Amino acid sequence: MSLFSPPAGADPLGSTIQGVVRAASAGAPRSRQRRIGPSSAGHPCARRVGYELAGTEHVNAGSDPWPAIVGTAVHAWLADAFARHNRELDRERWLIEQRVAVTPTMSGTVDLFDTQTGTVIDHKVLGADSLKSIKRDGPGDQYRTQIHLYAYGLARAGHEVRRVALACYPRSGWLDGLHVWSEPYDDALAADALARLAGVAELSRLLDPASLPAEPGPTCTWCPFWRPGSTPDATGCPGASAP
Ligand code: SF4
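Residues numbered from 1 in each chain as written. Predicted model: local features only at pLDDT ≥ 70, side-chain atom pairs only at ≥ 80, totals over all residues. Heavy atoms only, no water.

A. Expanded view of the pairing of strand E2 (residues 106-114). Buried residues dominate E2, accounting for seven of its nine residues. Across eight bridges, the pairing between strand E1 (residues 94-103) and E2 is antiparallel. Bridge assignment links Gln 98 to a residue of E2, and that residue is Val 110. Connecting the antiparallel pair E1 and E2 is a turn made up of two residues. Direction of pairing for E2 relative to strand E3 (residues 119-126): antiparallel, over a ladder of three bridges. For Phe 113, the partnering residue across the bridge sits in E3 and is Val 120. Counted between consecutive antiparallel strands, the loop separating E2 from E3 contains four residues, among which Gly 118 sits at a positive phi close to 70°. (Buried < 20%, exposed > 50% of the residue type's maximum accessible area, 1.4 Å probe, protein only. Helix = DSSP H or I, 4+ residues; strand = E, 2+ residues; numbered from the N terminus. Pairing = 2+ DSSP bridges.)

Below, the structure written as structure tokens:
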């Protein structure tokens, strides 16, 4: 039975639809991105950052693309919603999907900047466990670094940035479940993240990414370089069993 064979009794149209969706997802621009961006720069695993810096091809194509598809669709819907609010206000309170240069070699797209409060906002569409974790403990290093790097880029472009925020929407559930985490913008946090990245980049020039310290965890299954059951090398990492 192939990976996409329908279970007994299921309409075979299901496997056709899955195939179309998976093929479209695999060809999406984000899936082909190879240069490290703000969303990966603060990942706690130096080895993963090293792979990104080396432009390593993704080997973990097996993860289900649906959460990313839902996230992309929700981002597009939200961009329209905030553009509509700008039109109703007859002014540009919200800067939407603003391209920003963080460094000469790193750029990204800021989901939303609220010019009224000086808040840089990133939309996150999250599963129940991640949402619960952010409500309980706040965001981890990766999300926190990402939003401060966006703020850093916007501040350098001349915007008056005062706060950063993550607007966390439940992937399944209700709008009432929206959770917003925020804190003051910290220029030093962004500068520290860039300094750490420069350190990993320096090591990456000298060493194979597999030689960089790994920090395996539950998110390894989402890592583009996760290759379970293998020996770590320049092309992939076994994750939880990583030496
Ligand atoms: S699989 Fe896990 S340990 Fe290995 S590089 Fe990715 S995040 Fe790091």
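B. Main features of the packing of helix H7 (residues 141-156) against helix H8 (residues 187-206). One way to put it is that H7 packs onto H8 with a least axis distance of 9 Å and a crossing angle of 105°. Regarding the angle of H7 to H8, the classification is roughly perpendicular. Between H7 and H8, the contacting residues are Arg 144, Thr 145, His 148, Leu 149, Tyr 152 and Arg 156 on the first element and Asp 187, Leu 189, Ala 190, Ala 193 and Leu 194 on the second. Residue composition of the contact of H7 with H8, grouped by class: six nonpolar, two polar and three charged. (Axes fitted to C-alpha atoms, helices over the stretch in contact; angles between N-to-C directions. Parallel < 35°, antiparallel > 145°, perpendicular 65-115°, else oblique. Contact = heavy atoms within 4.5 Å. Nonpolar A, V, L, I, M, F, W, Y, C, P; charged D, E, K, R; others polar.)

C. Quick peek at the side chain of His 75. Within the secondary structure, His 75 sits in helix H5 (residues 66-89). A distance of 3.2 Å separates a polar side-chain atom of His 75 from the backbone oxygen of His 123. Setting aside residues no more than four positions away along its own chain, His 75 makes contact with Glu 97, Asp 111 and His 123. (Polar contact = N/O pair within 3.5 Å; in protein donor to acceptor, adjacent residues only side chain to side chain.)

D. Geometry of the layout of surface pockets. Considered as a void within the structure, the second largest pocket measures approximately 230 Å³ in volume. Taken together, Val 70, Val 74, Trp 77, Leu 78, Phe 82, Val 125, Tyr 169, Pro 170, Arg 171, Trp 174 and Leu 175 make up the lining of the second largest pocket. Taken together, the elements giving at least two residues each to the lining of the second largest pocket come down to H5 and strand E4 (163-170). Considering every element that reaches the lining of the second largest pocket, the biggest residue donor is H5, with five residues. Of the residues belonging to the lining of the second largest pocket, the class tally is 10 nonpolar, no polar and one charged. (1 Å grid on protein atoms, 1.4 Å probe; cavity = no way out; pocket = protein on both sides within 12 Å on 5 of 7 lines; lining within 4 Å. Points joined across faces, edges and corners; volume = space filled by probe spheres on them.)

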